[in-house]
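These are the residues of each chain, in order.
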Amino acid sequence: MFDFILRPFRRHFGSDKHFYAAIDDMFGFIPHNIELYKLALIHKSASVELEDGSHINNERLEFLGDAVIESVTSDYLFIEFPDSDEGFMTQLRSKMVSRQSLNRIASAIGLDKHVISHAAGNATQKHIYGDAFEAMMGAIYLDQGYDFVNRLLINNIYARYISLDEMLQSETDFKSRLIEWCQKNHYTIEFRTSHEGCGHSSHPTFQSTVYIDGIAAGYGTGDSKKQAEQRAAYSVSQDSTAAISDESSARILDKYDSIVN
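Residues numbered from 1 in each chain as written. Predicted model: local features only at pLDDT ≥ 70, side-chain atom pairs only at ≥ 80, totals over all residues. Heavy atoms only, no water.

Quick look at the sheet that holds strand S3 (residues 189-196)
Now for step 1: Spatially, S3-S4-S5 is the arrangement adopted by the three strands of the open sheet, whose pairing is antiparallel. Every interior strand has two partners, whereas the edge strands, S3 and strand S5 (215-222), have only one. The average angle at which neighbouring strand axes cross in this sheet is 20°, direction not considered.
Now for step 2: The sheet contact formed by strand S4 (residues 205-212) and S5 spans seven bridges and is antiparallel. Opposite Ser208, over in S5, you have Gly220 as the bridge partner.
Now for step 3: Packed onto the sheet, helix H10 (residues 174-184) meets S3 and S4 and runs at close to 150° relative to S3. (Pairing = 2+ DSSP bridges. Helix = DSSP H or I, 4+ residues; strand = E, 2+ residues; numbered from the N terminus. Axes fitted to C-alpha atoms, helices over the stretch in contact; angles between N-to-C directions. Contact = heavy atoms within 4.5 Å.)

Some details on the pattern of salt bridges
Now for step 1: Under the definition given, this model contains eight salt bridges.
Now for step 2: Notably, a salt bridge pairs Lys44 with Glu59, separated by 3.9 Å at the nearest N-O pair. Of this pair, Lys44 sits in the loop between helix H3 (34-40) and strand S1 (48-49) while Glu59 sits in helix H4 (residues 59-80), and the two are 15 residues apart along the sequence.
Now for step 3: Between Arg99 and Glu62 there is a salt bridge whose closest N-O contact spans 3.6 Å. (Salt bridge = Lys/Arg side-chain N within 4 Å of Asp/Glu carboxyl O.)

What to know about helix H5 (residues 86-96)
Now for step 1: Restricting attention to buried positions, one finds in H5 the residues Gly87, Met89, Leu92, Ser94, Lys95 and Met96.
Now for step 2: For H5, the side-chain oxygen to backbone nitrogen distance between the N-cap and Phe88 is 2.8 Å, and the N-cap itself is Asp85. (Buried < 20%, exposed > 50% of the residue type's maximum accessible area, 1.4 Å probe, protein only. Polar contact = N/O pair within 3.5 Å; in protein donor to acceptor, adjacent residues only side chain to side chain.)

What to know about the confidence of the model for the protein chain
Now for step 1: In the predicted model, the protein chain carries a mean pLDDT of 81, and the fraction of residues at 70 or more is 74%.
Now for step 2: Helix H12 (residues 246-260) is the least confidently modelled element of the protein chain, averaging 52 in pLDDT, while helix H8 (residues 146-161) averages 96, the highest of any element.
Now for step 3: With pLDDT under 50 throughout, residues 239-246 is counted as low confidence; its partners more than four residues away or in other chains account for 23 contacts. (pLDDT = per-residue confidence, 0-100.)

Structural notes on the packing of aromatic side chains
Now for step 1: The tally for this structure, following the rule as stated, stands at six aromatic pairs.
Now for step 2: Their ring planes at 75° and their centres at 4.9 Å tell us that Phe29 and Phe148 sit as a pair that is edge-to-face. Residue Phe29 is located in the loop between helix H2 (17-27) and H3, and its partner Phe148 is located in helix H8; the two are separated by 119 residues in the primary sequence.
Now for step 3: Between Tyr76 and Tyr158, the aromatic rings sit 6.0 Å apart at their centres with planes inclined by 40°, giving tilted as the arrangement. Here Tyr76 is found in helix H4, whereas its partner Tyr158 is found in helix H8, with 82 residues between them in sequence. Across the pair, Tyr158 and Tyr76 agree in class, each one buried.
Now for step 4: Among the aromatic side chains, those forming a connected cluster through ring pairs are Phe29, Tyr37 and Phe148.
Now for step 5: It is Lys175 that lies over the ring of Phe191; its NZ or CZ is 5.0 Å from the centre.
Now for step 6: A cation over an aromatic ring shows up here: Arg192 above the ring of Tyr211, its NZ or CZ 3.9 Å from the ring centre. (Phe/Tyr/Trp six-rings, centres within 6.5 Å; stacked < 30°, edge-to-face > 60°. Lys NZ or Arg CZ within 6 Å of the ring centre and 35° of its normal.)

Listed below in structure tokens is the structure:
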């Protein structure tokens, strides 16, 4: 009742009315501590310098929000897929909380219009809005509590902006994608997979290492050779989209260069 009375007042009066209205429009509620949300909108490129010389931005809230989103999503998938194994839920969670997914959500709810940033529009800044979304979830957690952000994410955001059916139908053959990427970039690729005995013949364990130009670039284990190799390929790309993007290609190249050098 108290929030219902304050809602029109905070939306239309006071120096922070635009911030209150923005949060209400995006998430459907009026905050208690608006300063948390104002901070969540400040990208590090627009950091505010304090009198003591320190700078404040949304990075700490982003760190917290990342953990909150992962926790809520894990809980959600655990309930939604009671018969699925850890590997399946891990891959699906990775898709749901990927920067690409969070960027789409941020744009869909209009968060991108409110982020304060002085960053140039280059490849390293593509995740500003997804990062701001994580910071917002951190702010909501501190302001409203875990149960509130849990309901908000699952019922209001995931239900509207994420299709589990589409994600489940998307390509998950990481090995084929990595082989195609290596061929496109003129690298050799080899999977070396071995069967490790664990004392229980009914539960074999396979370990696979993927070599790019002779350099060990990824590792994976599984209950089958196929599963181990898929996980090894996934460990290289760390990308859950239907195709390896320019950004993930750059990430693989960076990883490869770091191994070689």
